[in-house]
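In case you want the letters, here they are:
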Amino acid sequence: MDKLRYERELSGQGFKYVCGVDEVGRGPLAGPVVCAAVIMPLDDVVEGVDDSKKLSAKKREKLYGQIIEKAVAYAICRVEPRIIDEINILQATRLCMKNAVESLAVLPDFVLTDGNMTLDISIPQKSIIKGDYYSYSIGAASVVAKVYRDNLMCEYDEEFPEYAFASNKGYGTAAHIAAIERFGLSSVHRRSFTKKWQ
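Heads up: these notes are all about the structure in this document.

Rules behind the numbers
Residues numbered from 1 in each chain as written. Predicted model: local features only at pLDDT ≥ 70, side-chain atom pairs only at ≥ 80, totals over all residues. Heavy atoms only, no water. Helix = DSSP H or I, 4+ residues; strand = E, 2+ residues; numbered from the N terminus. Buried < 20%, exposed > 50% of the residue type's maximum accessible area, 1.4 Å probe, protein only. Pairing = 2+ DSSP bridges. Axes fitted to C-alpha atoms, helices over the stretch in contact; angles between N-to-C directions. Contact = heavy atoms within 4.5 Å. Parallel < 35°, antiparallel > 145°, perpendicular 65-115°, else oblique. Left-handed = near helix turned anticlockwise from the far one by under 90°. Salt bridge = Lys/Arg side-chain N within 4 Å of Asp/Glu carboxyl O. Expected span 1.5 Å × (residues − 1). Polar contact = N/O pair within 3.5 Å; in protein donor to acceptor, adjacent residues only side chain to side chain. Arc of directions from axis to C-beta. 1 Å grid on protein atoms, 1.4 Å probe; cavity = no way out; pocket = protein on both sides within 12 Å on 5 of 7 lines; lining within 4 Å. Points joined across faces, edges and corners; volume = space filled by probe spheres on them. Nonpolar A, V, L, I, M, F, W, Y, C, P; charged D, E, K, R; others polar.

### Overview of the overall build of the protein chain
When its secondary structure is counted, the protein chain shows eight helices and five strands. Going from N to C terminus, the protein chain has its helices and strands arranged as α-β-β-α-β-α-α-β-β-α-α-α-α. Based on the C-alpha atoms only, the size of the protein chain along its principal axes is roughly 55 × 35 × 30 Å. Within the span of the protein chain, comprising 198 residues, buried residues form 49% of the whole.

### Topic: the sheet that holds strand β4 (residues 110-114)
Taken in spatial order, the five strands line up as β3-β2-β1-β4-β5 in an open sheet, and their pairing is mixed. With partners counted over all chains shown, the strands left at the sheet margins are β3 (73-79) and β5 (125-128), one partner each. For this sheet, the mean inter-axis angle between neighbouring strands, taken without regard to orientation, is 20 degrees. Where strand β1 (residues 18-24) lies against β4, four bridges are found, and the strand directions are parallel.

### Quick word on the environment of Ser103
Following the sequence through the fold, Ser103 ends up in the loop between α4 (89-102) and β4. Sequence-wise, Ser103 and Leu4 are 99 residues apart; in three dimensions their C-alpha atoms are separated by 24 Å. Among all residues touching Ser103, those that are not within four sequence positions of it are Ala75 and Cys77.

### Comments concerning the packing of helix α2 (residues 57-70) against helix α6 (residues 136-159)
Working note: a packed helix pair is described by the angle between its axes plus the distance between those axes. Where α2 meets α6, the axes come as close as 9 Å, and the angle between the chain directions of the two elements is 120 degrees. The orientation of α2 relative to α6 falls into the category oblique. Note on packing geometry: the crossing formed by α2 with α6 is left-handed. Residues Arg60, Glu61, Leu63, Tyr64, Ile67 and Ile68 of α2 pack against Ala140, Val143, Val144, Lys146, Val147, Asp150 and Asn151 of α6.

### So, the pattern of salt bridges
Counted according to the given criterion, the structure contains 11 salt bridges. A salt bridge links Asp2 to Arg8, with the shortest nitrogen-to-oxygen separation between them at 3.2 Å. Given the relative accessible area of 47%, Arg8 is considered partly exposed. Residues Glu102 and Lys98 are paired through a salt bridge, measuring 2.9 Å at the closest nitrogen-oxygen approach. Highlighted residues: Glu102 and Lys98, both in helix α4, separated by four residues, approximately one helical turn. Residues joined by salt bridges that share partners form a network here, namely Asp51, Lys53 and Asp132.

### Some thoughts on α4
One turn of an α-helix holds 3.6 residues; hence residues three or four places apart share an orientation. Between its first and last C-alpha atoms α4 spans 20 Å; for 14 residues at 1.5 Å apiece the expected length is 20 Å, and the two agree. Residues Ile89, Ala92, Thr93, Cys96, Met97, Ala100 and Val101 constitute the buried set of α4. Residues of α4 that are buried in the fold lie against β1, β2 (33-39), β3, α3 (81-87) and β4. The opening residue of α4, the one whose side-chain oxygen lies 3.0 Å from the backbone nitrogen of Leu90, is Asn88.

### Concerning helix α1 (residues 5-12)
Among the residues making up α1, those that are buried are Tyr6, Glu7 and Leu10. Considered in projection along α1, the buried side chains sweep an arc of 100 degrees and stay on one side of the axis. Buried residues along α1 sit against β1, β4, β5, α5 (131-134) and α6. Looking one or two residues past α1, Gly14 carries a phi angle of roughly 100 degrees, positive in sign.

### What to know about the layout of surface pockets
The computed volume of the largest pocket comes to approximately 170 Å³. As for the largest pocket, its lining consists of 13 residues, of which Glu23, Val24, Gly25, Lys53 and Tyr171 are closest to the centre. Mapped onto the lining of the largest pocket, the elements with two or more residues apiece are β1 and α6. Top element by residues in the lining of the largest pocket is β1. It accounts for three residues. Of the residues belonging to the lining of the largest pocket, the class tally is two nonpolar, three polar and eight charged.

Structure follows, in structure tokens:
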């Protein structure tokens, strides 16, 4: 499968800087939603880029370094639990993606987003279902966002060891839920996702 198909088509139409955008962390009970926007060169491809969920943590870490090194530009943004609770996770994800695009040091002239997301931006855009699998740029963004968020949750694990964030990354595992029932909620839990324990 040609993961550069979308990028090459857009390049052929005259779009020089094609940006891929993806998010990580829509479903967890704790931690922010994280989005990455990445503009990758098409003449120096990082081999092995894929949907970050299909890659091992070790492989993601290696690819992260290569993507950051080769990117024309990249940006990582996060929206914290307090904002997620205020505006809901869908709007928080849209805001996070928009902020990531607008934080790029190089302005893209086309944006590819994963899933079914339409962003409030003036730049031409296209959303692709399973984009992190089908598009090289979105796949690169998914790796960057995933590694950043996983590392952040490991930092939270040191602050709140009782919830085992290093292993569950904030998702609602049985052990995580048992910890909430025993210790209550931390400051990084999403209140809108954890109403039954308030």
